Structure formats: C-alpha cells, structure tokens
Amino acid sequence: MLKTLPLLKSLLCALPLLASGPLLANPDDNWQRTLEEAKGQTVYFNAWGGSPEINAYLVWAGQELERQYQVKLVQVKVDDIAQSVSQLLANKQAGKHTGGPIDLLWVNGENFKALKEQGLLGAPFTQDLPNMALVDTTLPVSEDFTVPVDGLEAPWGIGQLNLMVNRDEVATPPTSATALLTWVKEHPGRFTYPKPPQFHGASFLKQILLELTADPAPLYREATDADFDRLTAPLWAWLDALHPALWRKGKLFPASAAETRQLLDDGELAMAISFNPQEAQSAVQNGTLPPNVVAVTMEKGALTNSHFLAIPFNASARAGAKVVANFLLSPVAQVRKAEPAFWGDPSVLQASALPVSAKQASALRFKAVGEPHPSWQLRLEAAWAERYAH
C-alpha cells in the first residue's frame, strides 16, 4: 500500500492537466535547457564598482555560480551605467546585434527608461526565472521610476536614501530639509553631497524636492516646463542658501558617494549620503566608519526604489545571464546580500521564502516615498549643471 502512494499522488496532480487537453511544455524542462546552454559561458556583468562590500559580494556570487552551474561571472566595474547605455546604443547603430560585450546590467530609473525607449534590451525574460515566483510583489518591482518593467528586468534589491550621521558630532540628526539647512549653516564645511549627475547626488536633489513640495502629484508625471519651473523654485532657493556652508564652500563637490563616505570616516564630514538603508550599520561593523554612525531619513519618508538586472539586446551569453539573475534572486543569495556584514541591501523576496532567522531581510527599514518620473531627474541634472557646475 505504501508503495502505491507516490504513484497515486502523481496521478492526482496530473488530473487538472489531463482534463485541460494536450500537455504543455514543463517549465522545469525549459529551465533545464537554459542551465545546459549556460554551462561554460562567461557573463560580463556591468555594475557600479564604487562599493568594496558590493564588489566582494559579487566575487562570492561568482564563486557560487562557477561551482554550481559552471558559469563564470565577470564584474565590469563602471562609475555610471549611463556609460554602458551609450555603449549599447553605439552597438545598435553599428548593426552589432549579436556578440555584444555586455551580458547583464545593474540598472534602475532613467537608465532603464533610456534602454527601453531605444530598444536596447532583449526579449522579456523574467517569466523564465524560477525564483521570480518568490518575489514580494507588494514592493515597487513592477515599475521602475514609474516606467512599467514589462518583464525586461528582474528586481534585485531595495534602496532608500538616508544620511549616515556621526552622532558624536550631530546631537539631533536633521529629519527635514529645513532642519538640515539649519544644521549645515551652523556647522559650515561639515556636509556636502556628490556632484550630479552621479546617482547619489541626483537622488539627493529629488529627496529635497519631495521634501519641499506640498503636492507631489505632478512629480509622478512627465515633467512640463511650467510644472518644473514652479516646483523646483523652492529647491534652487534652498540650494542657494546651502552651498556657501558646504564642504569646500560648495565650490567643489565629491565625485561619488564613496568619496563622501571616506570624508566621513576621515572626520572631514559629519554626515554622508547613502542609498543603502543598512550601509551605516554594515560599515560600522566592518570598521570602515566610526562606531557612532547611524542611518537617518527624512520624516516625510526616504526616497525609495528597487534596483534591477537587465539583459541587453545583443548579449553574447543570454542563457548565462538568466542563470546569474536567477541565482541572485535565490534565498541564499538574497539573505547574504541583506546581511550588514556582507552588503546590507534588503531582499526583494517574500518573507515566507526566507529562513526564519532572516525574516527582517525582506522588510523596508524606513517609511518610503516613491521615485518621481525619470523626466524630472533629467531636467534636475541639466538645471543643476547650468546653475552650479564649475
């Protein structure tokens, strides 16, 4: 009797399929073919290379991918994914539709919009990834800066803008644009932000714009000249008041968030900007920031987005790129990524997909406000450069 139970269970599971007509291809079979095709492939992954913790995490991921799937992962470190977008556009214009140099991209927001509009991404692929079934769809994963994802990129993690504040120097951390401006004026030279269009610098502009905007609804639509001029006027007035009290009196801006973090560690700054809600905790644990540095956000909420993985239209190792993306969505990879000791980037998986000991890995740490439409970022960057670039 016991021997018949597995067979009976299999028959019962098959009844709905038998009743519905001809059997469809097993998704597991399709994924198995992808795994076979990916063996021996090298996946060139263009990703921001400005964080030692992230770079170390990708080294670990590469070791696991080679061990488990015989796929080699090569991180191509870039300062700005816009450079990769330009490279892909040049490929397309030159007619290079196969054998491209980029197999996987770490993207979000304005770069995804450009990739999608220019036709620089391959066919939708997320439906092919088994681990997509584990993703928490209540998170902002179906749109990227208000642009529908449409299966063209797989969610990887959650970012939230925050200030990493040294509590030894800042007794009452600022939680509003007004409070931040007041503190900076009272402590000249102790704060700055990365120079836009660097991601963290542009994100800081959007955070302050949201802080200063009573009705943010227009920020989530395509920017018009009238809306842009009206809604950004308070931002420019705020920055005009802020810049003379910045580090180097606002005449020189750091080139990256990594540079501001180093200035914080060196004691030149009392605060630095991060888009990782657990970076402060991670850096303190690793001894790369002073022990009393904590993460602080604005009371209205932290600018929040998901970051994604995308496959270009002319990827040389498309199967390998799918395997990499699926592995990076696995519970083991997402839990490790969320650990402050390794990276501290929150998971995008459902809590039920994670070990009991790692349930907090999936939670947003701060109250969230969504990213504006990407047209606002493009206009903000251009207007900032016109006003303040030296």
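Residues numbered from 1 in each chain as written. Predicted model: local features only at pLDDT ≥ 70, side-chain atom pairs only at ≥ 80, totals over all residues. Heavy atoms only, no water.

Concerning the confidence of the model for the chain
Here the chain averages 90 in pLDDT, while 92% of its residues score no lower than 70. Counting interchain partners and residues more than four positions distant, the pLDDT-below-50 stretch residues 1-25 has 2 contacts. (pLDDT = per-residue confidence, 0-100. Contact = heavy atoms within 4.5 Å.)

Notes on unusual backbone geometry
The residue after Pro196, namely Pro197, is reached through a cis peptide bond having omega 15°. As for its placement among the helices and strands, Pro197 is situated in the loop between helix H6 (177-186) and helix H7 (199-212). Positive phi, close to 55°, is recorded for Gln70, a residue that is not glycine. For Gln70, the location among the structural elements is in the loop between helix H3 (52-69) and strand E2 (72-78). Its identity is not glycine, yet Lys249 carries a phi of approximately 55°, on the positive side. (Helix = DSSP H or I, 4+ residues; strand = E, 2+ residues; numbered from the N terminus.)

Some thoughts on the packing of H3 against helix H11 (residues 318-328)
The interhelical angle for the contact between H3 and H11, taken along N-to-C directions, is 115°, at an axis separation of 11 Å. As H3 runs across H11, the sense of the crossing is right-handed. Only Val323, Val324, Phe327 and Leu328 of H11 make contact with H3, whose side of the interface consists of Tyr57, Trp60, Ala61, Glu64, Leu65, Gln68 and Tyr69. Considering only residue class, the contact of H3 with H11 consists of 9 nonpolar, 1 polar and 1 charged. (Axes fitted to C-alpha atoms, helices over the stretch in contact; angles between N-to-C directions. Left-handed = near helix turned anticlockwise from the far one by under 90°. Nonpolar A, V, L, I, M, F, W, Y, C, P; charged D, E, K, R; others polar.)

Looking at the nonpolar core
Counting residues in each nonpolar core, the largest one holds 44 residues, and the members touching the most others are Val43, Phe45, Tyr57, Leu104, Trp156, Val324 and Leu328. When residues of this core are traced back to their parent elements, those giving at least two are helix H2 (27-38), strand E1 (42-48), H3, strand E3 (104-107), strand E6 (153-160), H11 and helix H12 (331-338). Among the elements that take part in this core, H11 stands out by supplying 7 residues, more than any other. If you look at the next biggest cluster of nonpolar residues, it comprises 40 residues, including Leu181, Leu219, Ala270 and Ile273. (Core = buried A, V, L, I, M, F, W, Y, C linked by side-chain atoms within 4.5 Å. Buried < 20%, exposed > 50% of the residue type's maximum accessible area, 1.4 Å probe, protein only.)

Comments concerning the pattern of salt bridges
Evaluation of the coordinates by the stated rule reveals 13 salt bridges. For Glu64, the salt bridge identified is with Arg67, shortest N-O distance 2.6 Å. With a gap of 3 residues between them, Glu64 and Arg67 both fall in helix H3, about one helical turn apart. Residue classification places Arg67 among the exposed residues on the basis of a relative accessible area of 57%. A salt bridge links Lys116 to Asp150, with the shortest nitrogen-to-oxygen separation between them at 2.7 Å. Of the two residues, Lys116 is situated in helix H5 (residues 110-117) and Asp150 in the loop between strand E5 (147-148) and E6; the sequence distance between them amounts to 34 residues. In this structure Asp150 comes out as partly exposed when scored by relative accessible area, which is 48%. (Salt bridge = Lys/Arg side-chain N within 4 Å of Asp/Glu carboxyl O.)

Describing the packing of aromatic side chains
What the rule picks out here adds up to 17 aromatic pairs. With centroids separated by 5.0 Å and ring planes inclined at 65°, the aromatic side chains of Phe199 and Phe275 adopt a geometry described as edge-to-face. With a gap of 76 residues between them, Phe199 in helix H7 and Phe275 in the loop between strand E8 (271-274) and helix H10 (279-286) connect regions that are remote in the sequence. Taking relative accessible area as the criterion, Phe199 reaches 25% and is therefore assigned partly exposed. Phe275 sits in the buried class, given a relative accessible area of 8%. Taking 6.1 Å as the distance between ring centres and 55° as the angle between the ring planes, the aromatic pair formed by Phe204 and Trp238 counts as tilted. Within this pair, whereas Phe204 is found in helix H7, its partner Trp238 is found in helix H8 (residues 225-242), the two being separated by 34 residues in sequence. Residue Phe204 is classed as buried on the basis of its relative accessible area of 2%. Judged by its relative accessible area of 6%, Trp238 is buried. Pairwise contacts between aromatic rings join Phe191, Tyr193, Phe204, Trp236, Trp238, Phe253, Trp384 and Tyr388 into one cluster. When the ring centre of Phe342 is taken as reference, the NZ or CZ atom of Arg336 above it lies at 3.8 Å. (Phe/Tyr/Trp six-rings, centres within 6.5 Å; stacked < 30°, edge-to-face > 60°. Lys NZ or Arg CZ within 6 Å of the ring centre and 35° of its normal.)

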